[in-house]
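The residues making up each chain are set out below.
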Amino acid sequence: MVYTQQKIATMTFQKATGRASEIDLGQLNDNVVQIFNTQYPMLLGTAMQMHTWRWTDRIEEIDITRLVDSDDPRYQKKIRIPEHLKTFDGVYSDDKCTNKLKSRIHDKYIYISFMNPNDPAGFIHYIAEPAEAIMPDYFVIWLVHFLG
């Protein structure tokens with residue numbers, strides 16, 4: 001399931017009040033909604049610091065259809081950085097991240113020098129922002145409990 005802040009808010013209010021009505025985070029005149037909207041980023045940051053959440057440690061296989069030729073002669077290809085990238089670790093030739101490839105981030109792209117330019121296979125390893133769209137079910141259940 002893909003989560004949103006709206007869905008998490010509704011789940012939290014349902015747990016706290018026992019009512020099944022959906023909460024509209026756009027209701028700016030509702031005091032409870034204003035408090036949630038103001039406090040949510042801080043509480044999410046606190047929740048992220050309470051445990052080591054492995055779901056933010058991402059290893060994604062490079063989609064070769066998204067690769068384009070590099071305008072830097074030191075690298076053969078480039079790819080747009082992942083949407084939720086917070087900290088870039090590197091590009092690797094294997095999914096265990098043991099063989100690092102030459103790469104760098106510049107102008108919203110990851111420039112990559114592949115071992116075999118004719119077979120541009122690899123994996124991007126990075127730490128993701130705690131974005132709702134990539135939150136697993138177990139974390140959202142824990143977060144709702146934490147917020148409620």
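If you're wondering where the values come from, they're calculated on a predicted model, not measured in any experiment. (Residues numbered from 1 in each chain as written. Predicted model: local features only at pLDDT ≥ 70, side-chain atom pairs only at ≥ 80, totals over all residues. Heavy atoms only, no water.)

S.K.: Explain the sheet that holds strand S6 (residues 109-113) to me, using residue names and the numbers behind them.
M.R.: Strand order across the open sheet formed by seven strands is S1-S7-S4-S5-S6-S3-S2, with antiparallel pairing between neighbours. What marks the edges here is a single partner per strand, and that holds for strand S1 (57-61) and strand S2 (68-69). (Pairing = 2+ DSSP bridges. Helix = DSSP H or I, 4+ residues; strand = E, 2+ residues; numbered from the N terminus.)

S.K.: Just give me the short version of the packing of helix H2 (residues 31-50) against helix H3 (residues 137-147), but keep the residues and values in it.
M.R.: Contact geometry of H2 with H3 gives a least axis separation of 11 Å together with a crossing angle of 120°. Between H2 and H3, the interaxial angle falls into the category oblique. The two elements H2 and H3 meet at a crossing, and its hand is right-handed. Listed contacts from H3 to Phe36, Tyr40, Leu43, Leu44, Thr46, Ala47, Met48 and Met50 of H2 are Phe139, Trp142, Leu143, Phe146 and Leu147. Its residues placed into classes, the contact of H2 with H3 shows twelve nonpolar, one polar and no charged. (Axes fitted to C-alpha atoms, helices over the stretch in contact; angles between N-to-C directions. Parallel < 35°, antiparallel > 145°, perpendicular 65-115°, else oblique. Left-handed = near helix turned anticlockwise from the far one by under 90°. Contact = heavy atoms within 4.5 Å. Nonpolar A, V, L, I, M, F, W, Y, C, P; charged D, E, K, R; others polar.)

S.K.: Break down H3 for me, with residues and values.
M.R.: Turning to H3, its buried residues are Phe139, Val140, Leu143, Val144 and Leu147. One side of H3 holds all its buried residues, which, seen down the axis, span an arc of 135°. Opposite the buried face of H3, by more than 90 degrees, sit the exposed residues Ile141 and His145. Contacts made by the buried residues of H3 are with helix H1 (5-17) and H2. (Buried < 20%, exposed > 50% of the residue type's maximum accessible area, 1.4 Å probe, protein only. Arc of directions from axis to C-beta.)

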